[in-house]
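Single-letter residue listing:
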Amino acid sequence: MTGENQKPVHVIGGGLAGSEAAWQIAEAGVPVVIHEMRPVRGTDAHKTEGLAELVCSNSFRSDDAESNAVGQLHWEMRHLGSLIMAKGDAHQVPAGGALAVDRDGFSQAVTAALEAHPLVTIERGEIAGLPPADWDKVVIATGPLTSSALAQGILSLTGETSLAFFDAIAPIVHFDSIDMDTAWFQSRYDKAGPGGTGADYINCPLDRDQYEAFVDALLAAEKTEFKEWEGTPYFDGCLPIEVMAERGRETLRWGPMKPVGLTNKHNPTVKAYAVVQLRQDNALGTLFNMTGFQTKLKYGEQAAIFRMIPGLQNAEFARLGGIHRNTYLNSPKLLDEALRLKADPRLRFAGQITGCEGYVESAAIGLLAGRMAAAERLGRDLPLPPATTALGALVNHITGGHIETIDEGPRSFQPMNINFGLFPPIEGVATTGPDGKRLKGPAKSLARKQALTARAKRVMAEWAGSAQSRAAE
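Residues numbered from 1 in each chain as written. Predicted model: local features only at pLDDT ≥ 70, side-chain atom pairs only at ≥ 80, totals over all residues. Heavy atoms only, no water.

Enquirer: Pulling in residues and values, what's your account of the overall build of the protein chain?
Expert: Regarding its fold elements, the protein chain presents 12 helices and 17 strands. Nonlocal contacts in the protein chain, meaning residues at least 24 apart in sequence, comprise 71% of its contacts between residues at least 6 apart. For the protein chain, the exposed surface amounts to about 19,900 Å²; the carbon and sulfur share of it is 51%. (Helix = DSSP H or I, 4+ residues; strand = E, 2+ residues; numbered from the N terminus. Contact = heavy atoms within 4.5 Å. Areas by Shrake-Rupley, 256 points an atom, 1.4 Å probe, with all protein chains shown as cover.)

Structure (structure tokens):
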């Protein structure tokens, strides 16, 4: 592995995704240049000039690889030689079942490893606009704080009107946690929209007392505040539900919770006082979006309050709601399955800008983007990891596993943490425990999760072995 006669791959951004991408490229024997604008130009969030600086939490979340989706992603990244996971493990601090790290030691270790690699060059300075034309392979991993000049350059190629904007995000619920003995499928007035059947929404009914209690809980709940550099972008088409509740107790009932045009199939003679609707959010039908429920409630408050809704009393959330500044591509529309920009395939994207969320997820997409870029440079083929793996499920969500539109609104593709709702369903899960008794509730859910991670480990090991064989040829 010398790389002496090869043109380098350029990686723009020295965060977790960029650092991981660069490491994978260099480890494959291909020279790489990391372009990091700090400290020449700072950001509102970063405090140091170190690579892979953790700007928020120091947690990589659960390290349980048997029953947690992010823990499975940890396992897959370790199996694939992840720099981010190796340095995270080396700088771990006590955090129960989670992997948390000493943020300074972690960043310093990642920086030192990349500085010491003979095929890595680190250049400090902003890439103002599109990369130079003679950079034939580029990985853009600039995250949520992409510089305005580069963002405008990307937009000039895509026809999109905005890359950095405020997102209204509604909570997303795992379908198999919804009580369908209480809820039912129906569109208002049985109207079938584009691609619909007339039974496109899950409806959760509330009587008057339940509605009043729900509004009281919204009004009393603790809310999060915008960061100073985010501003406060409320506008009437995107009001948080708690703001609507503050405008009058009936506002929600004639907004996202209006009960008209619906008949409860479980109790047809009784009209609901209010109804919460959920719409399918991914092509697999495993995730459902709470329509119109964007919110700034704190996460702990959200879970408790939304479980007050009949049918959602046992809801498991793939993600909770929010309204915040975000920077990401409409990836299912703009990127091909290899994370390349369709309008200019020399540009490949990685990390949060692609529409994943979280440290580990960003680094994981950086890992895959780096391996893809290196394989291209070496003239090798690198198939995508199967969607039954955590990494494959995540990239599938980014590049094509999402339903294009939700209702008549703007883009519906939203950043997502890895979760079991992104995995294809699995058959043959054990239905009885060691004692021969039928599994129910949490035990049944645990068995399904363990079956999903077992399948993912087996498939990832096969994929990684196949990739290693191709690289050795």
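Enquirer: Can you tell me about the environment of Val139, naming the residues and giving the values?
Expert: By secondary structure assignment, the location of Val139 is in strand S7 (residues 138-140). Under the relative-accessibility criterion, Val139 is labelled buried at 1%. When the C-alpha atoms of Val139 and Gly351 are compared, they prove to be 9.9 Å apart, with 212 residues separating the residues in sequence. Once residues lying within four places of it in the same chain are set aside, the contact partners of Val139 are Val9, His10, Val11, Ile12, Ala21, Ile25, Arg348, Ala350, Ala369 and Ala373. (Buried < 20%, exposed > 50% of the residue type's maximum accessible area, 1.4 Å probe, protein only.)

Enquirer: Would you mind going over the sheet that holds strand S5 (residues 98-101) in detail, with residue names and values included?
Expert: Read from one edge to the other, the open sheet built from three strands follows the order S3-S5-S4, with strand pairing classed as antiparallel. In this open sheet, the two strands that pair with only one neighbour each are strand S3 (59-62) and strand S4 (92-93). As paired elements, S4 and S5 share two bridges and run antiparallel to each other. The residue bridging Gln92 from the neighbouring strand is Val101, located in S5. Each of S3 and S5 touches helix H2 (residues 69-79); the most contacted strand, S3, lies at about 115 degrees to it. (Pairing = 2+ DSSP bridges. Axes fitted to C-alpha atoms, helices over the stretch in contact; angles between N-to-C directions.)

Enquirer: Would you mind going over the packing of aromatic side chains in detail, with residue names and values included?
Expert: Aromatic rings in a pair are described by how distant their centres are and how their planes are angled relative to each other. Inspection of every chain in the model, using the stated rule, returns 10 aromatic pairs. Between Phe175 and Phe288, the ring centres sit 5.5 Å apart and the planes meet at 35 degrees, which makes this aromatic pair tilted. Of this pair, Phe175 sits in the loop between strand S9 (172-174) and strand S10 (184-185) while Phe288 sits in strand S13 (residues 287-290); the two residues are 113 residues apart in sequence, bridging distant segments of the chain. Taking relative accessible area as the criterion, Phe288 reaches 3% and is therefore assigned buried. Ring centres of Tyr211 and Tyr273 lie 5.7 Å apart, and the angle between their planes is 65 degrees; on these two criteria the pair is classed as edge-to-face. With Tyr211 in helix H6 (residues 208-220) and Tyr273 in the loop between helix H7 (241-246) and strand S12 (274-280), this pair connects stretches of sequence that are 62 residues apart. Neither Tyr211 nor Tyr273 differs from the other in exposure class; each is buried. (Phe/Tyr/Trp six-rings, centres within 6.5 Å; stacked < 30°, edge-to-face > 60°.)

Enquirer: An account of the pairing of strand S11 (residues 201-206) is needed here, citing residue identities and associated values.
Expert: A large share of S11 lies buried, amounting to six of its six residues. Where S10 lies against S11, two bridges are found, and the strand directions are antiparallel. Bridged to Phe185 within S11 is Ile202. Where S11 meets S12, six bridges bridge the pair, whose relative direction is antiparallel.

Enquirer: Just give me the short version of the side chain of Arg455, but keep the residues and values in it.
Expert: With respect to the element layout, Arg455 can be found in helix H12 (residues 441-472). It is Glu427 that comes nearest to the buried, bridge-free Arg455 among opposite-charge side chains, at 8.1 Å. Each residue touching Arg455, except ones within four places of it in the same chain, is listed here: Thr388, Phe423, Pro424, Pro425 and Ile426. (Lys, Arg positive; Asp, Glu negative; His and termini not counted. Salt bridge = Lys/Arg side-chain N within 4 Å of Asp/Glu carboxyl O.)

Enquirer: Requested: an account of helix H1 (residues 16-27), with residues and values cited.
Expert: Here H1 is 12 residues long and its end C-alpha atoms lie 16 Å apart, about the 16 Å a rise of 1.5 Å per residue gives. Most of H1 is tucked away: 11 of the 12 residues are buried. Positive backbone phi, approximately 95 degrees, marks Gly29, located one or two places after H1. (Expected span 1.5 Å × (residues − 1).)

Enquirer: So what's going on with the environment of Leu16? Residues and values would help.
Expert: Within the element layout of this structure, Leu16 appears in helix H1. Looking at Leu16, the relative accessible area reads 8%, which means it is buried. Separated by 335 residues in sequence, Leu16 and Gly351 have C-alpha atoms that sit 7.8 Å apart. Sequence-distant contacts of Leu16, that is, excluding residues within four places in its chain, are made with Ala52, Glu53, Leu54, Phe60, Ile84, Tyr359 and Ala363.

Enquirer: So, the nonpolar core: which residues are in play, and what are the values?
Expert: Ranked by internal contacts, the top residues of the largest apolar core, which has 88 residues, are Phe60 and Ile418. In terms of residues, this core owes the most to one element, helix H10 (residues 359-377), which gives 12 residues. Once you skip the residues sitting within four places of it in the chain, Ile418 turns out to touch Arg61, Ala69, Val70, Leu73, Glu361, Ala390, Ala393, Leu394 and Phe423. In this structure, Ala170, Ala183, Ile202 and Phe306 belong to the second largest nonpolar core, which totals 36 residues. (Core = buried A, V, L, I, M, F, W, Y, C linked by side-chain atoms within 4.5 Å.)

Enquirer: If you had to explain the sheet that holds S10 to someone new, which residues and values would you point to?
Expert: Backbone hydrogen bonds hold the strands of a sheet together, and the pairing may be parallel or antiparallel. On the basis of which strands lie adjacent, the open sheet formed by six strands has the order S10-S11-S12-S13-S9-S14 and antiparallel pairing. Looking at which strands have only one partner, the edges of the open sheet turn out to be S10 and strand S14 (317-319). Note: S12 against S13, three bridges, orientation antiparallel. From the neighbouring strand, Gln280 faces S13, where its bridge partner is Phe288. The strands touched by H6 within the sheet are S11 and S12, with S11 carrying the most contacts at an inclination of about 95 degrees.

Enquirer: Would you mind going over the packing of helix H3 (residues 83-90) against helix H4 (residues 103-116) in detail, with residue names and values included?
Expert: Contact geometry for H3 and H4: axes closest at 9 Å, N-to-C directions at 135 degrees. One way to sum up the angle between H3 and H4 is to call them oblique. In terms of crossing hand, the pair formed by H3 and H4 is right-handed. On H4, the residues touching Leu83, Ile84, Lys87 and Gly88 of H3 are Phe106, Ala109, Val110, Ala113 and Leu114. Considered class by class, the residues forming the contact of H3 with H4 number seven nonpolar, one polar and one charged. (Parallel < 35°, antiparallel > 145°, perpendicular 65-115°, else oblique. Left-handed = near helix turned anticlockwise from the far one by under 90°. Nonpolar A, V, L, I, M, F, W, Y, C, P; charged D, E, K, R; others polar.)

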